[in-house]
Amino acid sequence: MPELETKITAWRKRLSAEFSGQTETVRELEAHLRDHIEAQCRRGMTVDDAFAQGVAQIGQPRAIAREFKRVERPWFAVRPLVVIYGLVGMLLAVIFALAMWEGYFFRVGLLGGGYFRVYILTTLSGYLALIAAGLVGAWTIASGWGRRPPERELHAQRREMFRLAVASSVLMTLGTAAGRTYALNVFPYRAWSWAPAELGEFSVLLASWLLLLVQLRVIVDSRVREGLALLGAAIVGVALFSGMASTAAVPIGWLWIATVLSQAAVALLRRPSECPSAEEKPNIATE
Amino acid sequence: MKLAKDLVAASTVPLVLAILADGESYGYAIIQRVRELSDGEIEWTDGMLYPVLHWLEENGQVKARWGESDTGRKRRYYSLKAEGKKYLADHKAQWLAVHETLRRAWRIKHAGA
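None of these values were measured; they are calculated from a predicted model.

## Focus on the overall build of chain A
- When helices and strands are tallied, chain A shows 12 helices and 0 strands.
- Listed by position from the N terminus, the elements making up chain A come as α-α-α-α-α-α-α-α-α-α-α-α.
- Evaluated residue by residue, chain A yields a buried proportion of 42% over its 287 residues.
- In chain A, once contacts between residues fewer than 6 apart in sequence are set aside, the share between residues at least 24 apart is 72%.
- Looking at chain A as shown, the accessible area adds up to about 15,700 Å², and 67% of this sits on carbon and sulfur atoms.

This is the structure we're talking about:
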């Protein structure tokens with residue numbers, strides 16, 4: 001038996017070289033080999049033969065490792081929504097902490113007027129929804145890089161992107177309406193002043209609407225969809241690079257990145273195919 | 001008779017899920033059960049079962065836990081989750097439909113021949 005242990009240890013080392021960092025998988029394959037040896041020895045086979053047969057039946061470690069790589073993804077790719085909403089939640093916590101630190105809420109309270117509060121809260125939430133859409137876009141692009149994602153994943157991406165586009169466009173619309181109503185109350189006849197904050201908000205509002213529009217089923221032509229997506233990304237880009245929206249009140253740079261990612265993803269996300277691809281499943285067949 | 005590679009690949013997931021529907025099991029036992037059920041017609045490369053099991057786990061169709069064999073060795077046991085049961089039911093209906101269609105087509109051919 002010590003001889004068998006030496007053989008198993010040598011085999012495990014060869015396996016570990018292919019499965020770096022996957023100790024659980026190596027343990028599991030080793031358990032399989034030991035199960036085989038145990039079963040065959042009970043049937044009268046010699047330990048050496050049972051070991052040789054078990055190793056041969058398990059197959060080439062490199063081929064198994066390649067198959068694992070094809071089907072397995074890191075945890076952040078398995079639970080992308082946890083990562084996305086976790087990041088957005090952290091961002092919200094930082095903004096809230098900074099605002100408390102600066103006494104911002106106190107000043108907002110002083111500036112008063114329900115419209116101003118609604119304006120701040122809805123616009124901020126709209127920005128966060130768009131940033132989350134950008135993260136979903138990054139996930140969509142990354143998960144589709146060099147492979148066709150499983151139908152389940154595509155479905156989750158479409159669903160989340162649609163929800164976030166609805167959320168950001170509704171929130172940005174409400175925010176803009178509340179902001180303009182507030183401005184009209186404070187500065188009669190001046191609801192719009194071409195200030196950087198207003199231009200920035202307006203570009204994000206248009207981009208949000210376009211993000212929603214390209215996902216609606218009324219747009220059937222993929223060229224129209226891609227054109228609208230490009231327009232959505234370009235609008236915020238113009239606001240950013242022309243300097244028209246340069247103000248601390250609008251995180252225009254981040255919003256532009258989010259817009260580019262989300263619009264690129266919706267342009268890439270095709271309609272669900274009728275047949276799930278066979279490639280997405282692991283292939284067990286012997287060579 | 002050696003089954004075509006595509007056919008083996010397509011039947012893997014429903015077969016693994018069907019075996020797990022009978023109760024919790026582990027890699028080696030699943031492979032033995034497949035050999036037994038197919039009278040040795042379905043040949044798998046044993047190691048290739050594990051990417052399938054991990055893929056099913058990742059997709060929420062099965063769950064896994066480390067347990068012990070009768071002799072006290074560690075083994076990873078798999079069991080079906082609700083989503084796996086649903087997937088199996090859907091696929092069972094599809095496979096039966098294919099089976100029935102082929103059966104009828106061949107019967108008609110034989111009758112006509």
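## As for a positive patch on the surface
- The grouping of A:Arg79, B:Lys63, B:Lys81 and B:Lys85 at the surface amounts to a positive patch.
- Within the fold, B:Lys63 resides in strand E2 (residues 62-68).

## Structural notes on the sheet that holds strand E1 (residues 25-26) of chain B
Residue and element names in this part refer to chain B.
- Overall, antiparallel pairing links the 3 strands, which are arranged E1-E3-E2 in an open sheet. Each edge of the open sheet carries a strand with a single partner, namely E1 and E2.
- Where E2 lies against strand E3 (residues 74-80), 7 bridges are found, and the strand directions are antiparallel. Looking at E3, one finds that glutamate 68 is bridged to lysine 74.
- Those strands touched by helix H1 (residues 5-21) are E1, E2 and E3, and its axis lies near 95° from that of E3.

## A few points about the interface of chain A and chain B
- With 33 residues of chain A at the contact, the number on the chain B side is 34 residues.
- Each partner contributes to the roughly 3,300 Å² buried at the junction of chain A and chain B, and carbon and sulfur atoms together form 55% of this total.
- Where chain A meets chain B, there are 5 salt bridges.
- Ionic pairing is found between A:Glu38 and B:Arg73, a salt bridge with its closest N-O pair at 3.2 Å.
- Where chain A meets chain B, there are 11 residue pairs in polar contact (both at pLDDT 80 or more).
- Contributions of two or more residues to the side of chain A that touches chain B are made by helix H2 (23-42), helix H3 (47-58) and helix H4 (61-71) of chain A.
- In terms of residues, the side of chain A that touches chain B owes the most to one element, H2(A), which gives 13 residues.
- Its residues placed into classes, the side of chain A that touches chain B shows 12 nonpolar, 8 polar and 13 charged.

Quick notes on the rules
- Residues numbered from 1 in each chain as written.
- Chains lettered and ligands numbered in written order.
- Predicted model: local features only at pLDDT ≥ 70, side-chain atom pairs only at ≥ 80, totals over all residues.
- Heavy atoms only, no water.
- Helix = DSSP H or I, 4+ residues; strand = E, 2+ residues; numbered from the N terminus.
- Buried < 20%, exposed > 50% of the residue type's maximum accessible area, 1.4 Å probe, protein only.
- Contact = heavy atoms within 4.5 Å.
- Areas by Shrake-Rupley, 256 points an atom, 1.4 Å probe, with all protein chains shown as cover.
- Patch = residues over 30% accessible without salt bridge, like charges linked within 9 Å, V, L, I, M, F, W, Y side chains within 5 Å.
- Salt bridge = Lys/Arg side-chain N within 4 Å of Asp/Glu carboxyl O.
- Lys, Arg positive; Asp, Glu negative; His and termini not counted.
- Charge placed at Lys NZ, Arg CZ, Asp CG, Glu CD.
- Pairing = 2+ DSSP bridges.
- Axes fitted to C-alpha atoms, helices over the stretch in contact; angles between N-to-C directions.
- Buried area = accessible area lost by both parts, 1.4 Å probe.
- Polar contact = N/O pair within 3.5 Å; in protein donor to acceptor, adjacent residues only side chain to side chain.
- Nonpolar A, V, L, I, M, F, W, Y, C, P; charged D, E, K, R; others polar.

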